[in-house]
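Okay, here's what each chain looks like letter by letter:
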Amino acid sequence: RADRDRYYYGMDIMFERHHDIINLLCLDAPALLPVLFDGLIWRSRIAENGQRRVNYYIKHLVVDQHGDFAKNVEWIRDHADPKIVV
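Our subject in this report is the structure included herewith. (Residues numbered from 1 in each chain as written. Predicted model: local features only at pLDDT ≥ 70, side-chain atom pairs only at ≥ 80, totals over all residues. Heavy atoms only, no water.)

What follows covers the layout of surface pockets. In this structure, the largest pocket occupies an estimated 370 Å³ of space. Phe37, Leu61, Ile76, Ile84 and Val85 are the residues nearest the centre of the largest pocket, which is lined by 16 residues in total. Looking at the lining of the largest pocket, the elements that each hand over two or more residues are α3 (33-39), α4 (59-62), α5 (72-79) and α6 (82-85). Its residues placed into classes, the lining of the largest pocket shows 14 nonpolar, no polar and two charged. In this structure, the second largest pocket spans a volume of roughly 320 Å³. In terms of lining, the second largest pocket is formed by 15 residues, of which the most central are His19, Val63, Asp64, Gln65 and Ala70. Among the elements of the structure, α1 (11-17), α4 and α5 are those that each provide at least two residues to the lining of the second largest pocket. Per-element accounting of the lining of the second largest pocket gives the leading share, three residues, to α1. Classifying every residue of the lining of the second largest pocket by side-chain character gives five nonpolar, five polar and five charged. (1 Å grid on protein atoms, 1.4 Å probe; cavity = no way out; pocket = protein on both sides within 12 Å on 5 of 7 lines; lining within 4 Å. Points joined across faces, edges and corners; volume = space filled by probe spheres on them. Helix = DSSP H or I, 4+ residues; strand = E, 2+ residues; numbered from the N terminus. Nonpolar A, V, L, I, M, F, W, Y, C, P; charged D, E, K, R; others polar.)

Structure representation (structure tokens):
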């Protein structure tokens, strides 16, 4: 669940508990990667002038829990599926 004032509910906990979830999905269930990535997007229900506000929650894909560069990008690269990157 998401709203404008809070981060996605449970997302921080999920990435803290399963810091290697991207790697696990790349290895065991690559078809679920787009589902996870789609879930990291908040879309406003209100459109103005044909445009809709969108927030992309990619913090955990780029930075790990220690503030270092996350291995998620490396795992996605190693998976070598151009559809995932685009």
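Between side chains of opposite charge, a pair can form when the charged atoms approach closely. Scanning all chains against the criterion turns up one salt bridge. Residue Asp78 is joined to Arg77 by a salt bridge in which the shortest nitrogen-to-oxygen separation is 2.9 Å. Its relative accessible area of 54% is what places Arg77 among the exposed residues. (Salt bridge = Lys/Arg side-chain N within 4 Å of Asp/Glu carboxyl O. Buried < 20%, exposed > 50% of the residue type's maximum accessible area, 1.4 Å probe, protein only.)

Glancing now at the side chain of Asn72. Its place among the elements puts Asn72 in helix α5. Classification of Asn72 by relative accessible area gives buried; the value is 2%. Setting aside residues up to four positions removed in sequence, Asn72 forms contacts with His19, Ile22, His60 and Leu61. (Contact = heavy atoms within 4.5 Å.)

Where helix α2 (residues 21-28) contacts α5, the two axes come as close as 9 Å, and the packing angle between them is 10°. Put simply, α2 runs roughly parallel to α5. Here Ile22, Asn23 and Cys26 of α2 come into contact with α5, specifically with Asn72, Trp75, Ile76 and His79. Each residue belonging to the contact of α2 with α5 can be placed in one class, and the counts come to four nonpolar, three polar and no charged. (Axes fitted to C-alpha atoms, helices over the stretch in contact; angles between N-to-C directions. Parallel < 35°, antiparallel > 145°, perpendicular 65-115°, else oblique.)

Time to look at a nonpolar patch on the surface. Where nonpolar side chains cluster on the molecular surface, the patch consists of Val54, Tyr56, Ile58, Val62, Val63, Phe69 and Val73 and spans about 610 Å² of accessible area. Locating Val73 in the fold gives a position in helix α5. (Patch = residues over 30% accessible without salt bridge, like charges linked within 9 Å, V, L, I, M, F, W, Y side chains within 5 Å. Areas by Shrake-Rupley, 256 points an atom, 1.4 Å probe, with all protein chains shown as cover.)

With that settled, consider the nonpolar core. Side chains that are nonpolar tend, in soluble globular proteins, to be buried together. Ranked by internal contacts, the top residues of the largest apolar core, which has 16 residues, are Phe15, Ile22, Leu33, Phe37, Leu40 and Leu61. When contributions to this core are tallied by element, the ones reaching two or more residues are α1, α2, α3 and α5. Among the elements that take part in this core, α2 stands out by supplying four residues, more than any other. Apart from the residues within four sequence positions on either side, Leu33 is in contact with Ile22, Leu25, Cys26, His79 and Ile84. (Core = buried A, V, L, I, M, F, W, Y, C linked by side-chain atoms within 4.5 Å.)

Shape is all these values report; function is a separate question.
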